[in-house]
Amino acid sequence: MRLRTEMPAIKGITEWVNGEVTNESLKGSPVLVHFWSISCHMCKESLPQINELREQHPQLKVVGIHMPRSEKDTDVDAVKENIVKYELKHPQGIDNMHSVVDAFENEYVPAFYLFDANGLLRHRSAGEKALSMLKNPLERVLAEFQQG
């Protein structure tokens, strides 16, 4: 996915936890979409930091997309247990058919896609250093949002 392109459709989710989102419901706010998997150790390590971001920046809409990497990862109950365990209070889409994963052309977990209030992609990063790479672009997008 190229920078400054519009957010792909968030549809075809197997099941939503903590509320369902649509592209329409995300309009007008900065949005962070993060892809993760219960079989990904790095993902689990980053989840507390994502919760912190969500708490520190109430104007940022955070959406988790669970991306199964194996047949075992498609166990919806196991995903829900992890959502509770890691206190993920923001909407979580369980994407067992890879509908959103494919729409975002995402191949990695953890992966982060930051959209501005106009729904345009401003930053994407994946892997071990993905969260630290997000810091400056997030500050920029939030500052633009506050300036209106």
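For the structure itself, consult the block above.
Before going into details, it helps to say that this report is about the structure given with it. (Residues numbered from 1 in each chain as written. Predicted model: local features only at pLDDT ≥ 70, side-chain atom pairs only at ≥ 80, totals over all residues. Heavy atoms only, no water.)

## Observations concerning the overall build of the protein chain
- Helix and strand counts for the protein chain stand at five helices and six strands.
- Scanning the protein chain from its N terminus toward the C terminus, one meets helices and strands in the order β-α-β-α-β-α-β-α-β-β-α.
- For 148 residues, the compact-globule estimate of 2.2 N^0.38 gives 15 Å, and the C-alpha radius of gyration of the protein chain, at 14 Å, lies within 12% of that figure.
- Its C-alpha atoms give the protein chain principal-axis dimensions of roughly 45 × 25 × 25 Å.
- In the protein chain, which comprises 148 residues, the share counted as buried stands at 52%.
- Within the protein chain, residue pairs in contact and separated by at least 24 positions form 78% of the contacts whose partners lie at least 6 positions apart. (Helix = DSSP H or I, 4+ residues; strand = E, 2+ residues; numbered from the N terminus. Rg over C-alpha atoms; globule rule 2.2 N^0.38 Å. Buried < 20%, exposed > 50% of the residue type's maximum accessible area, 1.4 Å probe, protein only. Contact = heavy atoms within 4.5 Å.)

## Re the state of the cysteines
- Tallied over the full model, the rule gives one disulfide.
- Paired through a disulfide, C40 and C43 show a sulfur-sulfur distance of 2.4 Å. Here the S-S torsion is close to 85 degrees, and the disulfide linking C40 with C43 is therefore right-handed.
- For C40, a relative accessible area of 4% puts it in the buried group.
- Residue classification places C43 among the buried residues on the basis of a relative accessible area of 0%. (Disulfide = S-S within 2.5 Å.)

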